[in-house]
Amino acid sequence: MTQDKMRRVITAVAVACTALLVFLLAFLTYQWITIGVQNNRKEELQADVDAWAEQNADLEEDLQYYSSDYYKWLEAVQRYDLQGK
């Protein structure tokens, strides 16, 4: 192998390595951006889940109140007062 061929081979290997390195860095950057976007989305969804859980707890308290005997008694008293007047 002559020196000219050796120089061409070394240049081709260097170009191929550089191209591979650029491709891998671009791919890595894309993956980091995707991970960041997914983490933000996960945080937003967790906030939504927490809000729905809090609303559900409030509604369960309301359900217990309206299902209670006290509420039924109070409704009966109010109906009696309205009919009596």
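Conventions used here
- Residues numbered from 1 in each chain as written.
- Predicted model: local features only at pLDDT ≥ 70, side-chain atom pairs only at ≥ 80, totals over all residues.
- Heavy atoms only, no water.
- Helix = DSSP H or I, 4+ residues; strand = E, 2+ residues; numbered from the N terminus.
- Rg over C-alpha atoms; globule rule 2.2 N^0.38 Å.
- Areas by Shrake-Rupley, 256 points an atom, 1.4 Å probe, with all protein chains shown as cover.
- Lys, Arg positive; Asp, Glu negative; His and termini not counted.
- Charge placed at Lys NZ, Arg CZ, Asp CG, Glu CD.
- Patch = residues over 30% accessible without salt bridge, like charges linked within 9 Å, V, L, I, M, F, W, Y side chains within 5 Å.
- Salt bridge = Lys/Arg side-chain N within 4 Å of Asp/Glu carboxyl O.
- Buried < 20%, exposed > 50% of the residue type's maximum accessible area, 1.4 Å probe, protein only.

(A) Layout of the overall build of the protein. Counting secondary structure elements, the protein contains two helices and zero strands. At 35 Å, the protein has a C-alpha radius of gyration far larger than the 12 Å of a compact globule built from 85 residues. If you line up the protein on its principal axes, its C-alpha atoms span 115 × 20 × 10 Å. For the protein, the exposed surface amounts to about 8,100 Å²; the carbon and sulfur share of it is 63%. Put simply, the protein has 8 plus and 13 minus side-chain charges, and the middle of one group is 21 Å from the middle of the other.

(B) Layout of a nonpolar patch on the surface. On the surface, a nonpolar cluster with roughly 520 Å² of combined accessible area is contributed by M1, M6, V9, I10 and V13. Relative to the assigned elements, V13 resides in helix α1 (residues 3-67).

(C) Structural detail: a negative patch on the surface. A surface patch of negative charge is lined by D48, D50, E54, D58, E60, E61 and D62. In this fold, D58 is placed in helix α1. Classification of D58 by relative accessible area gives partly exposed; the value is 39%.

(D) Structural detail: the pattern of salt bridges. Using the criterion set out here, one finds two salt bridges in the structure. A salt bridge links R41 to E44; its shortest N-O distance comes to 3.7 Å. A residue pair is termed a helical-turn pair when its members lie 3 or 4 positions apart in one helix, as R41 and E44 do in helix α1 at three residues. The exposure class of E44 is partly exposed, given its relative accessible area of 46%.

(E) Main features of the environment of L28. Summarising the element assignment, L28 is placed in helix α1. Taking the C-alpha atoms as reference points, L28 and L74, separated by 46 residues in sequence, lie 66 Å from one another.

Function cannot be inferred from these measures alone, as they are strictly geometric.
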